[in-house]
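What follows is each chain in one-letter form.
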Amino acid sequence: MSERIYARIAGTGSYLPEKVLSNEELARTVETSDEWIRERTGITQRHIAADEQTTGDLAYEAALRALEAAGIGVDELDMIIVGTTTPDLIFPSTACLVQARLGAVGSAALDVNAACSGFLYALSVADKFIRCGDAKKVLVIGAETLTRIIDWSDRTTCVLFGDGAGAVVLVADGDTGILSTHLHADGSKKELLWTPAGVSSGFGEGVGSSGTIKMKGNDVFKYAVKALDSVVDEALQANGLGKADLDWLVPHQANLRIIEATAKRLDMSMEQVVVTVDKHGNTSSASVPLALDTAVRSGRIQRGQLLLLEAFGGGFTWGSALLRY
Ligand code: COA
């Protein structure tokens with residue numbers, strides 16, 4: 001009888017660029033206010049990458065910290081997966097660029113683009129490789145420089161996003177780790193949250209332009225709350241667990257009101273929810289690993305606790321991971 005292999009988080013790390021942009025500063029350049037942003041989103045500030053800093057640079061810093069926390073050398077890695085929507089280049093992948101800087105040549109390296117669900121999609125891919133025995137140690141990163149694709153004159157989007165990176169090192173473990181991941185998408189809703197330009201198609205902003213984020217915020221909000229309700233129910237049911245079994249909710253950090261709605265669905269007090277959206281804004285793929293690392297390093301999340309991670313993003317894409325930390 002074969003024993004199950006789990007992918008266990010051996011270490012976490014994160015990195016935020018130095019520059020901080022407050023709501024007050026934003027309100028000097030676009031018609032908005034600190035009060036409006038805080039009340040509607042919970043955001044008070046966000047970090048912005050320096051001109052010379054790329055997604056790969058942020059990813060590399062987060063990776064170093066995760067590897068150090070895990071006590072694992074780069075030469076031990078079988079695979080590096082980066083969830084990102086804002087890669088340094090069209091190719092090579094950001095994962096390849098990070099791999100070269102780490103000196104982990106030989107490991108597999110790939111990017112996953114699932115917008116704000118990118119980290120959970122990447123984590124799920126890594127989990128599958130470890131569970132089937134094809135990899136033993138995988139570095140999973142969520143990293144973004146989303147502020148590079150923002151229209152700074154559009155107050156409905158420019159107040160929401162920030163830059164950053166988070167990472168975890170997963171190792172094969174015979175006892176415990178990731179219990180399940182669930183991934184979903186609805187590509188028919190692409191125009192509710194997207195950048196309508198790219199390499200091989202450009203509508204309005206020109207082929208080859210990366211474009212800027214367009215969003216129908218209210219429609220996204222309603223869809224996200226419903227999708228997240230269903231994905232957290234799905235995660236618990238699949239594992240025969242109840243809401244009361246959960247120690248922590250580590251949600252995607254897009255909007256405090258969305259996070260509160262999911263916590264309510266799970267009958268969890270906000271004391272059991274990791275919230276970083278106030279300080280980080282929405283860092284897309286980076287938001288979940290950044291929140292996780294913040295709570296781990298502050299000592300709130302402890303070994304052995306049951307964590308529910310979830311995310312929702314453009315595509316639409318959404319997903320969950322239930323894990324024993
Ligand atoms: N400052 C001041 N007013 C603003 C504003 C800003 N930054 N952005 C929008 N407004 C105005 C709108 O123009 C609108 O004015 P009107 O009533 O005169 O037309 C009013 O505020 C309400 O806009 P609305 O879009 O209905 O607000 P909302 O309560 O839905 O909040 C979001 C807007 C974007 C904060 C909210 O919809 C949201 O968070 N959506 C989900 C976004 C998300 O999570 N995206 C990423 C998923 S990964």
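Definitions and cut-offs
- Residues numbered from 1 in each chain as written.
- Predicted model: local features only at pLDDT ≥ 70, side-chain atom pairs only at ≥ 80, totals over all residues.
- Heavy atoms only, no water.
- Near = heavy atom within 4 Å.
- Polar contact = N/O pair within 3.5 Å; in protein donor to acceptor, adjacent residues only side chain to side chain.
- Areas by Shrake-Rupley, 256 points an atom, 1.4 Å probe, with all protein chains shown as cover.
- Helix = DSSP H or I, 4+ residues; strand = E, 2+ residues; numbered from the N terminus.
- Domains from an automatic or database assignment.
- Buried < 20%, exposed > 50% of the residue type's maximum accessible area, 1.4 Å probe, protein only.
- Contact = heavy atoms within 4.5 Å.
- UniProt positions renumbered as here; feature names shortened; annotations may be inferred.
- Buried area = accessible area lost by both parts, 1.4 Å probe.
- Salt bridge = Lys/Arg side-chain N within 4 Å of Asp/Glu carboxyl O.
- Axes fitted to C-alpha atoms, helices over the stretch in contact; angles between N-to-C directions.
- Parallel < 35°, antiparallel > 145°, perpendicular 65-115°, else oblique.
- Left-handed = near helix turned anticlockwise from the far one by under 90°.
- Nonpolar A, V, L, I, M, F, W, Y, C, P; charged D, E, K, R; others polar.
- Pairing = 2+ DSSP bridges.

### Description of the site of the ligand
The immediate surroundings of the ligand are formed by 23 residues, with Thr 32, Arg 40, Arg 155, Asn 218 and Asn 255 found nearest. In the model, a nitrogen atom of the ligand is placed 3.4 Å from a nitrogen or oxygen of the Trp 36 side chain. Within the side chain of Arg 40, an N or O atom sits 2.7 Å from an oxygen atom of the ligand. Isolated, the ligand exposes 950 Å² of accessible area, and the fraction of that covered by the protein chains is 73%. Ranked by the residues each element gives to the shell around the ligand, the list is headed by helix α7 (residues 217-238), at four residues. Both domains that meet at the shell around the ligand, namely domain 1 (6-175) and domain 2 (179-324), each give it at least three residues.

### Describing the environment of Gly 315
Relative to the helices and strands, Gly 315 resides in the loop between β12 (306-313) and β13 (317-324). Here Gly 315 falls in the partly exposed class, since its relative accessible area comes to 25%. Expressed as a C-alpha distance, the spacing of Gly 315 and Leu 16, which sit 299 residues apart in the sequence, is 26 Å. Excluding residues that lie within four positions of it along the chain, Gly 315 makes contacts with Asp 186, Gly 187, Lys 189, Lys 190 and Leu 193.

### A short note on the UniProt feature "active site" (unreviewed entry) in the chain
Per the UniProt record, the feature "active site" (unreviewed entry) sits at Cys 116, His 252 and Asn 282. A maximum C-alpha distance of 8.6 Å is found for the annotated residues, which run over 167 residues; spatially they form one tight group. Its place among the elements puts His 252 in the loop between β11 (248-251) and α8 (256-265). With respect to the helices, strands and loops of the structure, Asn 282 is situated in the loop between α9 (277-280) and α10 (287-297). Relative accessible area serves as the criterion here: at 6%, Asn 282 is assigned to the buried category. A polar side-chain atom of Asn 282 sits 3.4 Å from a polar atom in the side chain of His 252.

### Here's the deal with the domain arrangement of the chain
Partitioning the chain into domains gives domain 1 (6-175) and domain 2 (179-324). The C-alpha centroid of domain 2 is placed 14 Å from the C-alpha centroid of domain 1. Listed per partner, the contact involves 57 residues of domain 1 and 47 residues of domain 2. Of the roughly 3,700 Å² buried where domain 1 meets domain 2, counting both sides, 61% is carbon and sulfur surface. Contact with domain 2 buries area across many residues of domain 1, yet Cys 116, Leu 120 and Ile 149 alone supply 18% of it, more than any other trio. The interface formed by domain 1 and domain 2 holds zero salt bridges in total.

### Notes on the packing of α7 against α8
For the pair α7 and α8, interaxial distance at closest approach is 10 Å and the crossing angle is 30°. Between α7 and α8, the angle falls in the class roughly parallel. Between α7 and α8 lies a crossing whose hand is right-handed. Contact with α7, carried on its side by Phe 221, Ala 224, Val 225, Leu 228, Asp 229, Val 232 and Asp 233, involves Arg 257, Ile 258, Ala 261, Thr 262 and Arg 265 of α8 and no other residues of that element. Of the residues contributing to the contact of α7 with α8, the split by class is seven nonpolar, one polar and four charged.

### Details of the sheet that holds β11
The four strands are arranged β8-β13-β12-β11 in an open sheet whose pairing can be described as mixed. Edge positions in the open sheet fall to β8 (178-185) and β11, since each of these has one partner strand only. The mean inter-strand angle of the sheet, taken between neighbouring strand axes irrespective of direction, is 10°. Sheet topology note: the β8/β13 ladder contains seven bridges and is antiparallel. In the strand pairing of β13, Ser 180 is matched with Leu 322. Lying on the sheet, helix α5 (residues 118-131) is in contact with β8, β12 and β13; it crosses β8 at an angle near 130°.

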